[in-house]
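Residues per chain are reported as follows:
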Number of protein chains: 4
Amino acid sequence: MTRMVNKYRLYQIVFESDTKAGKRFDILLLWCILLSILIAVLDSVPYLNLIYKNEFYTIEWVFTVIFSIEYFMRIYISPKPIRYIFSYWGIIDLLAILPTYVSLFFYGYHYLLVVRILRLLRVFRILKLVRFNREAIFLLRALRASSYKIGIFFSAVLTIVILLGTIMYVVENGENGFTSIPQSIYWAIITVTTVGYGDIVPHTILGKFISSLAMIIGYAIIAVPTGIITVEMSKSSEKNKICPQCNTNNIETSNYCTNCGSMLKKN
Amino acid sequence: MTRMVNKYRLYQIVFESDTKAGKRFDILLLWCILLSILIAVLDSVPYLNLIYKNEFYTIEWVFTVIFSIEYFMRIYISPKPIRYIFSYWGIIDLLAILPTYVSLFFYGYHYLLVVRILRLLRVFRILKLVRFNREAIFLLRALRASSYKIGIFFSAVLTIVILLGTIMYVVENGENGFTSIPQSIYWAIITVTTVGYGDIVPHTILGKFISSLAMIIGYAIIAVPTGIITVEMSKSSEKNKICPQCNTNNIETSNYCTNCGSMLKKN
Amino acid sequence: MTRMVNKYRLYQIVFESDTKAGKRFDILLLWCILLSILIAVLDSVPYLNLIYKNEFYTIEWVFTVIFSIEYFMRIYISPKPIRYIFSYWGIIDLLAILPTYVSLFFYGYHYLLVVRILRLLRVFRILKLVRFNREAIFLLRALRASSYKIGIFFSAVLTIVILLGTIMYVVENGENGFTSIPQSIYWAIITVTTVGYGDIVPHTILGKFISSLAMIIGYAIIAVPTGIITVEMSKSSEKNKICPQCNTNNIETSNYCTNCGSMLKKN
Amino acid sequence: MTRMVNKYRLYQIVFESDTKAGKRFDILLLWCILLSILIAVLDSVPYLNLIYKNEFYTIEWVFTVIFSIEYFMRIYISPKPIRYIFSYWGIIDLLAILPTYVSLFFYGYHYLLVVRILRLLRVFRILKLVRFNREAIFLLRALRASSYKIGIFFSAVLTIVILLGTIMYVVENGENGFTSIPQSIYWAIITVTTVGYGDIVPHTILGKFISSLAMIIGYAIIAVPTGIITVEMSKSSEKNKICPQCNTNNIETSNYCTNCGSMLKKN
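Residues numbered from 1 in each chain as written. Chains lettered and ligands numbered in written order. Predicted model: local features only at pLDDT ≥ 70, side-chain atom pairs only at ≥ 80, totals over all residues. Heavy atoms only, no water.

*Asks:* Tell me what's going on with the pattern of salt bridges, and back it up with residues and numbers.
*Replies:* Across all of its chains, the model carries nine salt bridges over all chains by this definition. Note that A:Glu232 is salt-bridged to A:Lys149, the shortest N-O span being 4.0 Å. Taken as a pair, A:Glu232 in helix α12 (residues 223-236) and A:Lys149 in helix α9 (residues 147-171) lie far apart in primary sequence, 83 residues in all. Accessibility expressed as a relative area gives 11% for A:Lys149, which makes it buried. Put simply, C:Arg74 and C:Asp93 hold a salt bridge, and the shortest N to O gap is 3.9 Å. Within this pair, whereas C:Arg74 is found in helix α3 (residues 46-77), its partner C:Asp93 is found in helix α5 (residues 88-102), the two being separated by 19 residues in sequence. Of the two residues, C:Arg74 and C:Asp93, both sit in the buried class. Salt bridges sharing common partners tie together A:Glu70, A:Arg74 and A:Asp93. (Salt bridge = Lys/Arg side-chain N within 4 Å of Asp/Glu carboxyl O. Helix = DSSP H or I, 4+ residues; strand = E, 2+ residues; numbered from the N terminus. Buried < 20%, exposed > 50% of the residue type's maximum accessible area, 1.4 Å probe, protein only.)

*Asks:* Can you break down the side chain of B:Ser146 residue by residue, with the values?
*Replies:* Residues and elements named next belong to chain B. On the secondary structure map, Ser146 appears in the loop between α8 (134-145) and α9 (147-171). Residue classification places Ser146 among the buried residues on the basis of a relative accessible area of 0%. Non-local contacts of Ser146, meaning those with residues more than four positions away in its chain, are made with Ile228, Ile229 and Glu232. (Contact = heavy atoms within 4.5 Å.)

*Asks:* Hey, could you go over the packing of aromatic side chains for me, with residue numbers and the actual values?
*Replies:* Here the structure, examined in full by the defined rule, presents 28 aromatic pairs over all chains. The interplanar angle of 65° and the centroid separation of 6.2 Å between the aromatic rings of C:Tyr52 and C:Phe56 together place this pair among those described as edge-to-face. Here C:Tyr52 and its partner C:Phe56 are both found in helix α3, four residues apart, which amounts to about one turn of the helix. A connected cluster of aromatic rings, assembled from ring pairs, spans A:Tyr71, A:Phe72 and A:Tyr84. (Phe/Tyr/Trp six-rings, centres within 6.5 Å; stacked < 30°, edge-to-face > 60°.)

*Asks:* Residues and numbers for the relation of the copies chain A and chain B, please.
*Replies:* Turning chain A through 90° and shifting it by 0.0 Å along the axis lays it on chain B, with an RMSD of 0.1 Å. Read as a symmetry element, the transformation amounts to a four-fold axis. (Least-squares fit on C-alpha atoms with pLDDT ≥ 70 in both.)

*Asks:* Pulling in residues and values, what's your account of the interface of chain A and chain B?
*Replies:* Facing the 44 residues of chain A at the interface are 44 residues of chain B. At the boundary of chain A with chain B, total buried surface from both sides reaches about 3900 Å², with 75% on carbon and sulfur atoms. Summed over the three residues of chain A that lose the most area to chain B, namely A:Val170, A:Met215 and A:Tyr219, the buried surface amounts to 18% of that side. In this assembly, chain A and chain B are joined by zero salt bridges. Counting across the interface, chain A meets chain B through six residue pairs in polar contact (both at pLDDT 80 or more). The set of elements that each furnish at least two residues to the side of chain A that touches chain B consists of α9, α10 (181-192), α11 (205-221) and α12 of chain A. The leading source of residues in the side of chain A that touches chain B is α9(A), at 10 residues. Residue composition of the side of chain A that touches chain B, by class: 25 nonpolar, 16 polar and three charged. (Buried area = accessible area lost by both parts, 1.4 Å probe. Polar contact = N/O pair within 3.5 Å; in protein donor to acceptor, adjacent residues only side chain to side chain. Nonpolar A, V, L, I, M, F, W, Y, C, P; charged D, E, K, R; others polar.)

*Asks:* Account for the packing of helix α11 (residues 205-221) of chain B against helix α10 (residues 181-192) of chain C, naming residues and giving values.
*Replies:* Axis separation between α11(B) and α10(C) bottoms out at 9 Å; the angle between their running directions is 25°. When the interaxial angle is binned, α11(B) and α10(C) end up roughly parallel. Handedness of the crossing formed by α11(B) with α10(C): left-handed. Here B:Lys208, B:Ser211, B:Ser212, B:Met215, B:Ile216 and B:Tyr219 of α11(B) lie close against α10(C), whose contacting residues are C:Gln183, C:Tyr186, C:Ile189, C:Ile190 and C:Val192. For the contact of α11(B) with α10(C), the per-class residue count stands at seven nonpolar, three polar and one charged. (Axes fitted to C-alpha atoms, helices over the stretch in contact; angles between N-to-C directions. Parallel < 35°, antiparallel > 145°, perpendicular 65-115°, else oblique. Left-handed = near helix turned anticlockwise from the far one by under 90°.)

*Asks:* Can you tell me about α12(A), naming the residues and giving the values?
*Replies:* Residue and element names in this part refer to chain A. Helix length check: α12 (14 residues) gives 20 Å between terminal C-alpha atoms against 20 Å at 1.5 Å per residue, within 8%. Most of α12 sits out of view: 12 of its 14 residues are buried. By the burial criterion, the buried members of α12 are Ala223, Val224, Pro225, Thr226, Gly227, Ile228, Ile229, Thr230, Val231, Glu232, Met233 and Ser236. (Expected span 1.5 Å × (residues − 1).)

*Asks:* Pulling in residues and values, what's your account of α11(A)?
*Replies:* Between its first and last C-alpha atoms α11(A) spans 25 Å; for 17 residues at 1.5 Å apiece the expected length is 24 Å, and the two agree. Buried within α11(A) we find A:Gly207, A:Lys208, A:Ile210, A:Ser211, A:Ser212, A:Ala214, A:Met215, A:Ile216, A:Gly218, A:Tyr219 and A:Ala220.

Spelled out as structure tokens, the structure:
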């Protein structure tokens, strides 16, 4: 009996964040994740790696052990362990600890690099902690509602960069960095998104003229996704209550109809 | 009789996308177009062209034959073949197959390049498949409704870049890449659109000061087209009630028609 | 009598654009201005100047004579010639023809450059032709209405770039292009406006960190002027009619109140 | 008695800006601050420093004495001097005069640089003068209201740049400038914010492909903060009616209070 109660209590702490202990656990975990990411990032700096190699190694193992304990605790507590293991977050949790163990067996330089990427997947675990956040849901809902329109916008952008890339490849005659169509499309993306690295630039007069058009297109069409998302957010932020007496739209927080003064139901 | 029915059935499949078979045909065609574009793009990479020259050549011919069959089928099925041939989409369809046949007769390098551009016109055929798309129409209508205001905005931008280019040509004294007014206008466009390649940069103190102004202008006035399009989309996205008496569009919250005063049904 | 009628008729053609002849005159003038600008721009290209020097010179004089005739015609027709001469547009009109006459007396290279700038002032004459345009007035009104807020925004941006410039000057120790505070402020403007020429880039680790912050600041605060102008345009585009019966706000185009159906006055 | 009246009069001039004298004092102070900043900026230019070293030194001392007098006057006038000294603005006021005095004792080059930064803190004093500005408060309120959503947005951007940086570090194999993960994150920030210095650019094909994705992501997600701030400003700019019964804010078009149902006065 007591054990089950304890297990339920642990479940509340580890999986939920409504209780005080649950919130503390989440914040502790957040700091562990952030610190372990920081260590993984600093570890990649050749200068620091040379000096603090052993320290980084030790700290990495400390975090890995902490995350491993957390992972097995989650499996133990969970009412449906198998379901947790193969869930989206379960796989992220596993991938966040696996690389360090894997690195024990593989010593090749390139493998270590891949391990490093996997280690930085812990970044995703931060997202898990804000999973139930209301404001984040608001943003995601607005993005999802406008995803179809944004898809069309991106198809149009893709069409533009493919055409621009092909034209510039012909115009610059395969020279000045425009060595192939994919390379020219890469240039078109750099230009249309207004990034402008400057590693590939047109050298012919016609090329410069087409570039100018590409820049102005890129500069102007950014207004389209901005308009789409602004309108969608504006809609999401106005949820209405309909008055049962006079059918007037009232804003979400209203208790009485703004038109006839009759009472509104609570949402 | 049967033949005519078959022809009508084929018409539904090829020209319309309401039936199941019509949808499947559209998706199959979309994949063919996308793959043929991909092949045309990869073919331009010198490294790949060297190794897979023959494979690319064969695949290109396969797609050209497929598109040719489709083109002649459309002419055969269409109730008004001449009208289809000289329609906008008919010309695009023809241009998408012609280049490969043309390349049989011309072997010069530069001609082949032009052929490649024509081949990539197939990108436009994708647009045809989304022709009747509702969301795309919404976007286009918002753009068209604000096209006049955006035209004014572009006239203002053009005036600014011409003046900036001329001033910088004089200030930098025709040196440091500012070798002529068109070249300086090219620099002004790079700067005002915030692309910033860095291939032409001011070297004099006054030139740097004017550049700073140009950057801040470009940074700020992007807000103008964004505002225009957002307002236009916001208007378009408001759902309307059609008046049963006079067909006027009324906004969603209206109880009476704004044009003739007759009562509107509740939504 | 006839002469006065003719003068009035000429006044309508030259100064107004409501009549058919007035519109034709405006369009003819617009093309002359655009062509004369194009010639002035092309004339600055060393290659073209070498070949077509005489042609450019002749065309330039043709346009100057046309504009001179137009200028003196305006003085002759205008009921208050002195007022026209010293008006804003009168001075622009004079400046657009003066440089070519001035160039007869001065042959120095640098003087010619200044003359070229003055010649390109003709760009402003285009603005005159759209002077009474309704949509342009709408845009200008929205910009003017939000000018105070945008002024505050620019003060904030200026404060940020001065501080960033000073900090980077100290951090980079006056090296790597950060040779003085004004130079560092120039870098800060390039970075915050997301232009990113790349002619001055940080080389120290701390400098790169501060740059990253500057970029993210610049990337995010562009939202502020966009928001200001969008809201202002949104307001301008909704002019309302108040219902005399029930005080409901109706949109500008309504003839009947959307709430009670009573008739609205014409604006 | 008279002395107290004088002190109160001085308080009005120095601390408040409602009276005519107070406004004049503020504008005089603003010019002093702007000029002293300009001198500090110009002083850092090696060329000007060489020629006008003494002039700059003298002017700097004149301003420091003026600001010192102002500082001590504020302490003398203030009813609660201790509170003023340790207030936010009091510390800024002190930091704005301290550096010049400090520079009397330290002659090292680097110390002087830090002194220069402190001197430019006077920029903040300008903000003090617009402290009570209504429009600025409007902007700040909109920013504060959307700060939580913008925080989430920045977390997402941070996650994206960390992941992109790590992936590019592995893909470019630690070469071509991608020498460590922090360096690669610096590149990712340059790319996602569309700044695009071009000091670090991908050289591998896979790297260029990932860059293209990064650019398009950066180009598109700028729409998110813009949408957030536009919606927030749009809300703030709607004028409210205050309910006489319960002090609730009602939107402009309401006839009855949304909270208690009591009737609202017509505007």
